[in-house]
Amino acid sequence: MRTRLCSKVGCAREAVTTLTYDYGDQMAAVGPLGASGDPHAHDLCAIHTDRLSVPKGWLVVRHETLRA
């Protein structure tokens, strides 16, 4: 399987999460790396996932994977 890289310009780290935006609801959702690349989503490395910021008044929803 080919490794996907972080979508941030100039970052060559491996992506670990996928970020999507819902502009109508002013919400950003971050979850586990999607199964395939989506042109409407952004793949982020761990550093950029931790540094994520959104406009004032927006909600960030973080979906964690279930661990047994």
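Data block above holds the structure.
Below you will find a few notes about this structure.

### Things to note about the side chain of Asp-43
Relative to the assigned elements, Asp-43 resides in strand E3 (residues 42-44). Among the residues examined, Asp-43 registers a relative accessible area of 10% and is labelled buried. Reaching out from Asp-43, the side chain makes a polar contact with the side chain of Thr-18 at a distance of 3.0 Å. What Asp-43 contacts, discounting residues up to four positions off in sequence, is Arg-4, Leu-5, Cys-6, Ser-7, Ala-15, Thr-17, Thr-18 and Leu-33.

### A word on the pattern of salt bridges
Under the counting rule described, the total for this entry stands at one salt bridge. Among the ionic pairs, Arg-4 bridges to Asp-43, the shortest N-O distance being 2.7 Å. Here Asp-43 lies in strand E3 and Arg-4 lies in the segment before strand E1 (17-22), a separation of 39 residues in the sequence. Summarising the burial analysis for this pair, Arg-4 and Asp-43 share the class buried.

### Focus: the pairing of strand E2 (residues 27-32)
Judged from the six bridges that link them, E1 and E2 form a sheet pairing that is antiparallel. Each bridged residue has a counterpart across the sheet, and for Thr-17 the counterpart in E2 is Pro-32. Between E1 and E2, which pair antiparallel and follow one another directly, the connecting turn spans four residues, one of which, Gln-26, has a positive phi of 50°. Relative to strand E4 (residues 59-62), E2 is paired through four bridges, and the arrangement is parallel. If you follow Ala-28 over to E4, its bridge partner there is Val-60.

Criteria and cut-off values
Throughout this document, residue positions are counted from 1 along each chain, in the order its sequence is written. This being a predicted model, a pLDDT of at least 70 is required before a residue's local features are given, and a value of 80 or more before pairs of side-chain atoms are given or counted; all residues contribute to the totals for chains, interfaces and linings. Neither water nor hydrogens contribute to the side-chain values; these are computed over all heavy atoms in the structure. Helix numbering and strand numbering both begin at the N terminus, where a helix is a DSSP run of H or I of at least 4 residues and a strand a DSSP run of E of at least 2. Under the scheme applied here, a residue whose accessible area is under 20% of the maximum for its type counts as buried, over 50% as exposed, and between as partly exposed, the area being computed with a 1.4 Å probe on protein chains only. We define a polar contact as two N or O atoms separated by no more than 3.5 Å, with the added condition that, inside protein, one atom must be a possible hydrogen donor and the other a possible acceptor, whereas residues neighbouring each other in sequence contribute only through side-chain atom pairs. Should any heavy atoms of two residues lie within 4.5 Å, those residues are counted as being in contact. A side-chain nitrogen of Lys or Arg and a carboxyl oxygen of Asp or Glu constitute a salt bridge if their distance falls within 4 Å. Following DSSP output, two strands are said to pair if at least two bridges run between them.

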